[in-house]
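Here is what each chain is made of, one letter per residue.
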Amino acid sequence: MAARAKVSLRRAPRKQAPDSRVHMSANLLAHETSPYLLQHKENPVHWQPWGPEALERAKREDKPILLSVGYSACHWCHVMAHESFENAEIAAVMNERFINIKVDREERPDLDSIYQQALALLGQQGGWPLTMFLTPDAHPFWGGTYFPPTRRYSRPGFTDVLISISGTYKTQREKVETSVTALRDAINDLGVTKTTETLDPQMLDRLAVEALRLVDPLNGGTHGAPKFPQPSFFLFLWNAYVRTGAPAFSAAVTVTLDRMSHGGIYDHVGGGFARYSTDEAWLVPHFEKMLYDNALLIDLLTAAWQQTRNPLYAIRVRETIAWVLRDMTVGDGKGIAFASAFDADSEGEEGLYYVWTEADVDRLLGAKSAAFKDAYDVTAHGNWEGNVIVNRSQRPELGDAAAEAGLEASRAVLLAERVKRVPPLRDDKALADWNGLMIAALANAGSVFTEPAWIKAARDAFDFVVTRMQEGGRLRHSWRVGQARHPAVLDDYANMARAAIALYEATGDTKFLDQAKAWVAVADTHYWDETGGGYFLSADDTRDVIVRTKTAMDNAQPSGNGTIAGVLARLHHLTGDAAYRDRAECLLRTFLGAEANRLIHSPALLDGFALLVRPVQIVVVGRAADPATQRLIDAAFDVAVPTRVVARLEPGQNLLASHPAFGKGVVDGKPAAYVCVGTTCSLPLTDPAKLRDGLAAKAWERTR
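Residues numbered from 1 in each chain as written. Predicted model: local features only at pLDDT ≥ 70, side-chain atom pairs only at ≥ 80, totals over all residues. Heavy atoms only, no water.

*Asks:* Is there a simple way to think about the confidence of the model for the protein in this case?
*Replies:* Detailed reading of the predicted coordinates is not advisable wherever pLDDT falls low. Considering every residue of the protein, the mean pLDDT works out to 94; 96% of them sit at 70 or more. Low pLDDT (under 50) marks residues 8–22, which in the prediction has 15 contacts with non-local residues, meaning those over four places away or in another chain. (pLDDT = per-residue confidence, 0-100. Contact = heavy atoms within 4.5 Å.)

What follows is the structure, encoded as structure tokens:
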């Protein structure tokens with residue numbers, strides 16, 4: 001079950017010790033590093049960051065806490081801020097009746113998880129801005145998301161809500177305590193998992209069939225709108241296709257990728273995907289761009305390209321990575337990492353930076369405008385509120401090389417013009433978990449497409465996280481303006497360990513493998529649930545959460561438990577160490593007893609299970625400096641093998657005796673590859689073409 005935690009009021013050390021009497025009535029966000037919190041530093045609301053001072057004050061004054069959670073790229077967070085938090089009269093009510101705490105959900109995903117769960121238990125749909133009302137000891141008793149300043153959209157006005165909630169807290173304390181108790185017990189119950197003693201690989205294909213019911217066969221994605229990319233879900237379906245050859249799985253993924261890649265959710269001018277589409281046809285995005293979406297979509301597109309060789313997927317991978325390396329890097333002058341997001345709004349208007357008019361296109365492209373307008377749905381009346389969202393949904397077929405080169409040149413002209421506009425805010429904090437996703441995506445795509453520059457960018461970002469976001473072997477969750485802050489969550493260790501292994505497979509440098517082992521050891525020490533199995537989101541020494549949540553269900557990103565299942569499986573296969581296998585099996589048994597309709601929402605966990613029980617291990621023995629060794633490595637990455645594990649050995653180097661490739665070496669001085677399944681390995685392969693052909697023909701399946 002979820003572990004209850006006592007919220008510590010122990011004071012954290014501060015560079016300056018503010019006089020609480022001076023700051024009793026003040027906005028205290030100016031010294032924060034989060035761009036989201038800094039957006040609110042001028043509000044008349046007396047915002048405080050989450051911490052012991054705010055919680056102590058709530059207890060001292062016996063006031064309820066108004067907790068507002070959002071993020072910098074959140075459109076409705078901006079709306080509520082402008083309507084309510086910048087309103088002096090509403091702020092006065094907030095300041096008089098509540099202790100007001102502002103949290104960046106990207107900086108504190110553990111807090112966001114707790115209070116989103118509480119809101120769901122109250123029967124309301126979650127999202128951001130999250131507006132929760134807490135007792136002084138941080139326990140929730142009521143909440144919502146966006147509230148307008150006055151009643152509209154069938155929602156109560158925010159001022160009315162404030163007065164009602166504070167009145168209830170003052171005069172109906174017993175009712176509040178009843179709600180607190182019910183929510184506390186229910187949140188703890190969410191951490192209780194349905195375990196199983198049987199790990200049946202056949203369940204993977206059965207669950208993939210079940211998952212197909214959620215897919216929109218016409219437009220791709222899942223049924224209805226808004227449509228989110230859900231790359232982990234569709235990667236699970238793609239892996240099922242490669243495993244089984246069933247065309248229904250292939251169609252579900254290729255229709256989704258085709259529609260997204262041609263639709264308005266993709267930024268055809270600058271590259272990169274928006275967070276979601278507001279409509280079923282992927283035309284109108286919610287224009288914010290998130291690092292994690294693009295990392296996971298690079299992974300999915302790369303996997304699909306390996307099997308289909310569809311040039312569209314390769315183009316989108318290259319364009320998206322170009323955008324990441326151009327617009328999403330941050331650093332301190334000595335190293336780089338990746339920023340978190342771009343806002344949807346600029347100059348106070350959603351999408352303004354990204355849309356065009358026909359007159360714009362005619363003026364900028366001149367004689368070339370006709371071809372561009374035909375390809376990209378540019379018309380006089382527009383396709384969204386009188387403006388044009390460029391897309392290729394109406395003309396999805398790629399032209400010949402000359403035609404596509406012409407369109408590329410036209411896009412470059414539009415991009416050069418667009419950068420002159422006022423850009424959306426970039427959230428330039430680096431998050432360890434999201435950086436892990438992008439590092440792994442770049443390392444893998446760099447290996448598949450033989451792009452060393454992508455692998456180098458992945459190495460650079462990895463080194464940044466290790467040297468700037470780690471203290472005493474423990475990761476910090478976020479970094480900005482030279483400061484590493486906030487306790488790491490499980491996802492930080494899981495995603496960075498996965499990134500480390502991806503870099504090991506891409507480069508053969510064992511320092512990455514060693515770092516992955518070290519981070520898993522930290523997760524085992526501080527996050528593992530010794531009683532119920534699985535890993536908690538928060539560490540055992542994170543003292544300011546009321547409960548340590550635990551889940552294997554994916555959201556927009558893979559769950560930490562799902563990701564670390566794959567990490568443990570891969571470490572077992574790479575090292576032969578049975579301890580990793582045993583921990584992975586315990587983790588899987590903790591969660592895989594759930595009903596099918598719940599398990600299909602844990603695709604990362606299911607893919608980790610497949611990796612554990614059905615690995616295809618490719619062991620390449622040869623000098624790293626020998627081009628023939630690299631050609632074998634390139635062949636190993638050139639074919640779609642969802643459970644591929646690549647190990648590199650120098651001549652004379654060996655694996656543990658328990659590994660099936662123990663004792664394997666070069667052949668007549670030539671580098672050699674061995675494909676191992678179960679306890680059996682192939683004969684040595686020195687010809688990259690034969691290795692590639694054998695993998696493509698699924699020769700390993702005959703040994704199952």
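*Asks:* Got a minute to help me understand the pattern of salt bridges in this structure?
*Replies:* Where charged atoms of side chains with opposite charge meet at close range, the side chains can pair. One pass over the structure, following the stated rule, counts 42 salt bridges. A salt bridge links glutamate 83 to arginine 152, with the nearest nitrogen and oxygen atoms 2.4 Å apart. Of the two residues, glutamate 83 sits in helix 3 (residues 75–85) while arginine 152 sits in the loop between strand 6 (140–144) and helix 6 (158–171), which places them 69 residues apart along the sequence. Taking the relative accessible area as the measure of exposure, arginine 152 reaches 28% and is therefore partly exposed. In this structure, arginine 581 and aspartate 582 form a salt bridge, with 3.3 Å as the shortest nitrogen-oxygen distance. With relative accessibility at 31%, the residue arginine 581 sits in the partly exposed group. By relative accessible area, which is 39% here, aspartate 582 ends up partly exposed. Connected through shared salt-bridge partners, Asp104, Glu106, Asp427 and Lys429 make up one network. (Salt bridge = Lys/Arg side-chain N within 4 Å of Asp/Glu carboxyl O. Helix = DSSP H or I, 4+ residues; strand = E, 2+ residues; numbered from the N terminus. Buried < 20%, exposed > 50% of the residue type's maximum accessible area, 1.4 Å probe, protein only.)

*Asks:* Help me understand the state of the cysteines, please; the structure alone is not making it clear to me.
*Replies:* What is meant by a disulfide is a covalent connection between two cysteines, made through their sulfur atoms. Enumeration according to the criterion identifies 2 disulfides in this entry. With a sulfur-sulfur separation of 2.3 Å, cysteine 74 is cross-linked through a disulfide to cysteine 77. Disulfide cysteine 74-cysteine 77: the torsion about the S-S bond is 80°, which places it as right-handed. A residue is classified by how much of its surface remains accessible, and cysteine 74, at 2% relative accessible area, is buried. When its relative accessible area of 2% is taken as the criterion, cysteine 77 is described as buried. (Disulfide = S-S within 2.5 Å.)

*Asks:* I keep staring at the sheet that holds strand 15 (residues 426–427) and nothing clicks. Help me out?
*Replies:* Backbone hydrogen bonds hold the strands of a sheet together, and the pairing may be parallel or antiparallel. Strand order in the open sheet formed by 3 strands is 9-12-15, and the pairing between neighbours is antiparallel. Lying at the two open borders of the sheet, with one neighbouring strand each, are strand 9 (289–290) and strand 15. (Pairing = 2+ DSSP bridges.)

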